[in-house]
Amino acid sequence: MADSVNHPVYYTNVSIECIEAMRISFGPTATFNFCICNAFKYLWRFDGKGKEEDIRKALKYCDFAEEITGGVTWQVSEIRQVANKKLNELYADLENIDI
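All chains use their own residue numbering, which begins from 1 and follows the written sequence. It should be noted that, the model being predicted, local features are given only for residues of pLDDT at least 70 and side-chain atom pairs only at 80 or more, the latter also being counted only at that level, while totals for whole chains, interfaces and linings use all residues. Excluded from the side-chain calculations are hydrogens and water; all other atoms, namely the structure's heavy atoms, are used.

**Student:** Can you walk me through the state of the cysteines in this structure?
**Tutor:** What makes a disulfide is a covalent bond joining the sulfur atoms belonging to two cysteines. Any two cysteine sulfur atoms lying within 2.5 Å of each other are counted as a disulfide. Across all of its chains, the model carries 0 disulfides by this definition. No disulfide involves C35; its nearest neighbouring cysteine sulfur is the one of C62, lying 8.9 Å away. Under the relative-accessibility criterion, C35 is labelled buried at 0%. Under the scheme applied here, a residue whose accessible area is under 20% of the maximum for its type counts as buried, over 50% as exposed, and between as partly exposed, the area being computed with a 1.4 Å probe on protein chains only.

Pasting the structure below:
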């Protein structure tokens, strides 16, 4: 099964992944900002669209941002905190469903 969070086919069907091409083309600062904004976007829309997948995508963009900076920044820390809270809430809601 294709991994739509970590290595989506539509971003990996060339010799390097899109995020690497962005780092080369735009530099680390612009790519870091893109990652943080993308993570924010996925958390913003998660409840109305992709639910768990959007939260996981937000966390993946945090991983990319950490790779660029070599560690955790306050932005990454804040986004991870919100994402993990939303993920825990989503799992708690699933546990409460009667089947």
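**Student:** So what exactly am I meant to see when it comes to the packing of aromatic side chains here?
**Tutor:** Working definition: an aromatic ring pair is given by the centre-to-centre distance plus the angle between the planes. Aromatic rings from Phe, Tyr and Trp, with only the six-membered ring used for Trp, were paired whenever their centres fell within 6.5 Å, and each pair was classed as stacked if the ring planes differed by under 30 degrees, edge-to-face if by over 60, and tilted otherwise. Counted according to the given criterion, the structure contains 4 aromatic pairs. Relative to Y61, the ring of F34 has its centre 6.0 Å away and its plane inclined at 75 degrees; by these criteria the two rings are edge-to-face. With a gap of 27 residues between them, F34 in helix α2 (residues 18–45) and Y61 in helix α3 (residues 52–69) connect regions that are remote in the sequence. By relative accessible area, F34 is classed as partly exposed at 31%. Relative accessible area serves as the criterion here: at 13%, Y61 is assigned to the buried category. Grouped by ring-pair contacts, the aromatic residues F34, Y42, Y61 and F64 constitute a single cluster. Each helix is a run of H or I in the DSSP string that is no shorter than four residues. Each strand is a run of E no shorter than two, and both are numbered from the N terminus.

**Student:** Got a minute to help me understand the nonpolar core in this structure?
**Tutor:** As a rule of thumb, nonpolar side chains are buried together in soluble globular proteins. As used in this record, nonpolar core signifies buried Ala, Val, Leu, Ile, Met, Phe, Trp, Tyr and Cys residues forming a set joined through side-chain atoms within 4.5 Å. Core analysis: the biggest nonpolar cluster contains 22 residues, and C35 and I55 have the highest contact counts within it. Breaking this core down by element, the ones donating at least two residues are α2, α3 and α4 (74–95). Only heavy atoms matter for contacts: two residues are in contact if any of them lie within 4.5 Å across the pair. Setting aside residues no more than four positions away along its own chain, C35 makes contact with I19, Y61, F64, A65 and I68.

**Student:** What exactly am I supposed to notice about the pattern of salt bridges here?
**Tutor:** One side-chain nitrogen of Lys or Arg within 4 Å of one carboxyl oxygen of Asp or Glu is enough to make a salt bridge. Across all of its chains, the model carries 9 salt bridges by this definition. Note that E53 and K57 form a salt bridge whose closest N and O atoms lie 3.3 Å from each other. Of this pair, E53 and K57 both sit in helix α3, separated by 4 residues, roughly a single helical turn. You can call K57 buried: its relative accessible area is 11%. Here E66 and R80 are joined by a salt bridge, their closest N and O atoms 3.2 Å apart. In this pair, E66 is assigned in helix α3 and R80 in helix α4, connecting sequence segments 14 residues apart.

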